[in-house]
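Report on the structure
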Amino acid sequence: MAVALKKKIISRYLPKTIKKSNGVLKTLSKEQYLRLYYFMRLTREFEEAILNLYRQGKIVGGAYTGNGNEATSVGSAFCLKKEDYLFPMHRDLGAHFAKGQSVRNLMLQHLGRADSLTRGRDGTGHYADPSLKIYGNISHLAAMIPVAAGVALASKLKKEKSVVMTYIGDGGSNVGDFHESLAMASVMKLPLVLIIENNQFAYSTPIAKQFIVERLSDRAVGYGIPGFTIDGTSVDEVYRVCSEAVARARRGDGPTLIESVTMRMHGHSAHDGAEYVPKKLLEEWKKKDPLVNTEKLLLGKKILTPSIKSEYEKKIADELDDAVRFALANSYPSAEEAAAGVFAE
Ligand SMILES: Cc1ncc(C[n+]2csc(CCOP(=O)(O)OP(=O)(O)O)c2C)c(N)n1
Ligand SMILES: [Mg+2]
């Protein structure tokens, strides 16, 4: 029921708004399609590896996945250039890869090791890598949006022509920071792209108990900026709408709000069996698996061939093997190192 409703919403809203574009819409090349597919597969398999390590007791803290969200995380960050800024959330591992982060660095990070980007002080995505302009998530929901808006303001003042892309969940989009940031970003025409990943749940709270607007992109109207609701399982659609929003931001025309509709296929994190999610809903969304459907699409277009597919499978398995071995061989930080720099003297 919820899925059918969402489908109706998506199909009703999409085409009209996209066609209004002024010609910057890009079609993906064969090479781009293959890279998107590669990153999506890498993301899915990296997270599977993390879940296995979690079950083996080798992960300190939680293990979050973006299973079902790969087209959104990869397709959106893929639109960014080197000079753009990425502020991903906890379901956006794919965005880190698309922005150039290495498998080894992300594995060190997830295993909380001394040579990770947080030097072992964190076991998820709370790192920053200024060399790649990736600023990992702030746990307090929506607190990252004012920071991203601030960076967009700095970029504008410095005339960098850089774009800032950030994300928030359906649940997090109800927090005040979300609205305050959009109020400021819209008035100041900041180069910000804000993506709401509507994955139907915020922990155990379904969207029906979170908001009564028909689509979260309707909130854009209140700030006088464009709002789009897209099928977040279609990498094609995610890329097309996000690249349009990025182009708009780069032109100096201000922020865009994008609601990407997906499903959280796993529990909130590995400890959560998500018994509260109706099985039927999961079965319906399983048919929209972004990785499976992208694979079908590319095989159909003859862009992906069985031999390229097995080459990718092998490359990913090797990369993950290498990264896991490399990270496990690295030590944890000492207690002193882990605590250093956390509090101001
Ligand atoms: C301000 C704030 N309130 C509560 C939490 C605890 N919390 C962490 S994730 C989460 C659910 C987030 O749901 P949503 O925004 O939909 O993102 P999703 O996990 O579904 O991707 C909650 C309640 C928090 N981190 N920050
Ligand atoms: Mg959610």
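Summarised in this report is the structure supplied together with it. (Residues numbered from 1 in each chain as written. Chains lettered and ligands numbered in written order. Predicted model: local features only at pLDDT ≥ 70, side-chain atom pairs only at ≥ 80, totals over all residues. Heavy atoms only, no water.)

Side note on the nonpolar core
Membership of the largest hydrophobic core comes to 84 residues, with the highest contact counts inside it found for F46, M107, F178 and I258. Among the elements that line this core, the one with the most residues is helix α2 (residues 30-55), at 12 residues. In contact with F178, not counting residues within four places along its chain, are A142, I145, I168, G172, S173, L194, I196, R219 and L257. Core analysis: the second largest hydrophobic core is formed by nine residues, V261, M263, M265 and L282 among them. (Core = buried A, V, L, I, M, F, W, Y, C linked by side-chain atoms within 4.5 Å. Buried < 20%, exposed > 50% of the residue type's maximum accessible area, 1.4 Å probe, protein only. Helix = DSSP H or I, 4+ residues; strand = E, 2+ residues; numbered from the N terminus. Contact = heavy atoms within 4.5 Å.)

Regarding the coordination of the magnesium ion (ligand 2)
Looking at the magnesium ion (ligand 2), one finds its protein donor set to be D170 (OD), N199 (OD1) and F201 (O), positioned 2.0 to 2.3 Å from the metal centre. Taken in chain order, the donor set of the magnesium ion (ligand 2) reads D-x28-N-x1-F. Residue D170 is found in the loop between β4 (164-169) and α7 (176-187), and its partner F201 is found in strand β6 (residues 201-202); the two are separated by 31 residues along the sequence. Judged by its relative accessible area of 1%, D170 is buried. (Donors = N, O, S within 2.8 Å, 3.2 Å for Na, K, Ca; no water.)

Side note on the site of ligand 1
As a structural note, the neighbourhood of ligand 1 is formed by 14 residues, with H90, R91, G171, G172 and F201 the closest of them. One nitrogen or oxygen atom from the main chain of S139 is found 2.9 Å from a nitrogen atom belonging to ligand 1. Within the contact set of ligand 1, an oxygen atom lies 3.0 Å away from a side-chain nitrogen or oxygen of N199. Taking 590 Å² as the accessible area of ligand 1 by itself, protein coverage stands at 68%. The pocket occupied by ligand 1, as judged from atoms lying within 2 Å of grid points, is the largest pocket. Within the shell around ligand 1, the residues separate by chemical class into four nonpolar, eight polar and two charged. (Near = heavy atom within 4 Å. Polar contact = N/O pair within 3.5 Å; in protein donor to acceptor, adjacent residues only side chain to side chain. Areas by Shrake-Rupley, 256 points an atom, 1.4 Å probe, with all protein chains shown as cover. 1 Å grid on protein atoms, 1.4 Å probe; cavity = no way out; pocket = protein on both sides within 12 Å on 5 of 7 lines; lining within 4 Å. Sits in = over half its atoms within 2 Å of the grid points. Nonpolar A, V, L, I, M, F, W, Y, C, P; charged D, E, K, R; others polar.)

Comments concerning a nonpolar patch on the surface
A surface patch of nonpolar side chains, amounting to about 280 Å² of accessible area, comprises M184, V187 and M188. Judged by its relative accessible area of 70%, V187 falls in the exposed class. (Patch = residues over 30% accessible without salt bridge, like charges linked within 9 Å, V, L, I, M, F, W, Y side chains within 5 Å. Salt bridge = Lys/Arg side-chain N within 4 Å of Asp/Glu carboxyl O.)

Comments concerning the side chain of R219
Examined against the element boundaries, R219 turns out to sit in the loop between β7 (205-206) and β8 (227-231). Despite its burial, R219 remains without a salt bridge, the nearest opposite charge being carried by D218 at 8.4 Å. Setting aside residues up to four positions removed in sequence, R219 forms contacts with S173, N174, F178, H179, F211, V213 and L257. (Lys, Arg positive; Asp, Glu negative; His and termini not counted.)

Digging into α7
Here α7 spans 17 Å end to end across 12 residues, near enough to the 16 Å set by a 1.5 Å rise per residue. Taken residue by residue, α7 has F178, S181, L182, A185 and S186 as its buried positions. Each buried residue of α7 lies within a common arc of 120 degrees when the element is viewed along its axis, so the set occupies one face. Facing away from the buried side of α7 by over 90 degrees, the exposed positions are E180 and V187. (Expected span 1.5 Å × (residues − 1). Arc of directions from axis to C-beta.)

Focus on the pattern of salt bridges
Throughout the structure, instances matching the rule amount to 19 salt bridges. In this structure, E160 and K158 form a salt bridge, with 3.6 Å as the shortest nitrogen-oxygen distance. As a salt-bridge pair, D289 and K286 come within 3.9 Å of each other at their nearest N and O atoms. Take D289: its relative accessible area is 8%, and that puts it in the buried class. A relative accessible area of 53% means that K286 is categorised as exposed. Connected through salt bridges with shared partners, the residues R41, E45, E295, K309 and E313 form a single ionic network.

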